[in-house]
Amino acid sequence: MTTAVLPDSTAAPASVVSLRANALAARLELGARALASLASTLTESEWQSRIPQDGRKIGVVVHHVATMYPLEVQLAQVLAAGKPVTGVTGDVVNDINAKHAAEFDDVTKEQALELLQKNSTAAAAAIRALSDQELDQAATVSLNADAPLTCQFLLEDHAVRHSYHHLAKIRAALRSSASF
């Protein structure tokens with residue numbers, strides 16, 4: 001005779017990860033790994049070279065992506081709670097980016113890659129903790145002309161896209177410098 005073991009009704013329910021949240025987190029991790037993979041191969045000269053039209057050094061931009069993950073996820077969590085994102089404007093973003101570039105002008109490859117790994121892992125975990133209902137929450141976002149956006153859209157447009165956006169700019173900068 002076999003005995004069935006019934007679940008303990010006093011135990012905390014198992015955490016269920018949303019398939020959508022998991023897919024978003026996986027895309028963020030893929031982008032971070034792609035950025036890290038390229039960055040890890042750069043020479044010191046390439047690391048120090050500047051991205052055209054941006055002006056920041058490649059190394060500073062890699063560190064910038066890593067630095068922004070916590071803020072980008074925090075803003076998405078505000079939307080997940082059904083609250084508007086306020087006070088974030090293009091000028092605020094530009095100011096944050098300029099201050100970061102000045103403060104981390106001499107960032108090393110090791111420092112940037114370590115932070116990229118740490119913060120992308122934490123960002124992915126935070127995204128995986130979101131439910132489908134939270135991903136669907138919408139509220140106004142000051143950075144986007146107070147358009148009502150969903151948490152999922154904000155994640156896709158910022159945290160998930162960020163590494164891909166800068167990776168493309170870095171690749172273009174490296175191609176243009178190689179053609180001289």
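Structure: see above.
Attention here is on the structure that accompanies the text. (Residues numbered from 1 in each chain as written. Predicted model: local features only at pLDDT ≥ 70, side-chain atom pairs only at ≥ 80, totals over all residues. Heavy atoms only, no water.)

### As for the side chain of His-158
(1) Moving on: With respect to the helices and strands, the residue His-158 is situated in helix H7 (residues 151–178).
(2) Moving on: Looking at His-158, its side chain comes within polar contact range of the side chain of Asp-157, at 3.5 Å.
(3) Moving on: Those residues in contact with His-158 that sit more than four places away from it in its chain are Glu-72, Leu-143 and Asn-144. (Helix = DSSP H or I, 4+ residues; strand = E, 2+ residues; numbered from the N terminus. Polar contact = N/O pair within 3.5 Å; in protein donor to acceptor, adjacent residues only side chain to side chain. Contact = heavy atoms within 4.5 Å.)

### Considering the pattern of salt bridges
(1) Moving on: Under the defined criterion, the tally for this structure stands at 8 salt bridges.
(2) Moving on: Among the salt bridges present, the one from Glu-156 reaches Arg-27, with a minimum N-O distance of 3.1 Å. Here Glu-156, found in helix H7, pairs with Arg-27, found in helix H1 (residues 19–41); they are 129 residues apart in sequence, far enough to count as distant.
(3) Moving on: Where salt bridges share partners, they join Arg-20, Asp-132 and Asp-136 into one cluster. (Salt bridge = Lys/Arg side-chain N within 4 Å of Asp/Glu carboxyl O.)

### Digging into unusual backbone geometry
(1) Moving on: A positive phi is found at Gln-53, a non-glycine position, where the angle reads about 65°.
(2) Moving on: By relative accessible area, which is 84% here, Gln-53 ends up exposed. (Buried < 20%, exposed > 50% of the residue type's maximum accessible area, 1.4 Å probe, protein only.)

### Thoughts on the nonpolar core
(1) Moving on: Within the largest apolar cluster, 45 residues are counted, with the highest numbers of intra-cluster contacts made by Leu-28, Val-62, Tyr-69, Leu-116, Cys-151, Leu-155 and Ile-170.
(2) Moving on: Mapped onto this core, the elements with two or more residues apiece are H1, helix H3 (58–80), helix H5 (109–128), strand E1 (138–141) and H7.
(3) Moving on: Ranked by residues supplied to this core, first place goes to H3 with 11 residues.
(4) Moving on: Excluding residues within four positions of it along the chain, Val-62 makes contact with Leu-35, Ala-39, Trp-47, Ala-112, Leu-116 and Ile-170. (Core = buried A, V, L, I, M, F, W, Y, C linked by side-chain atoms within 4.5 Å.)

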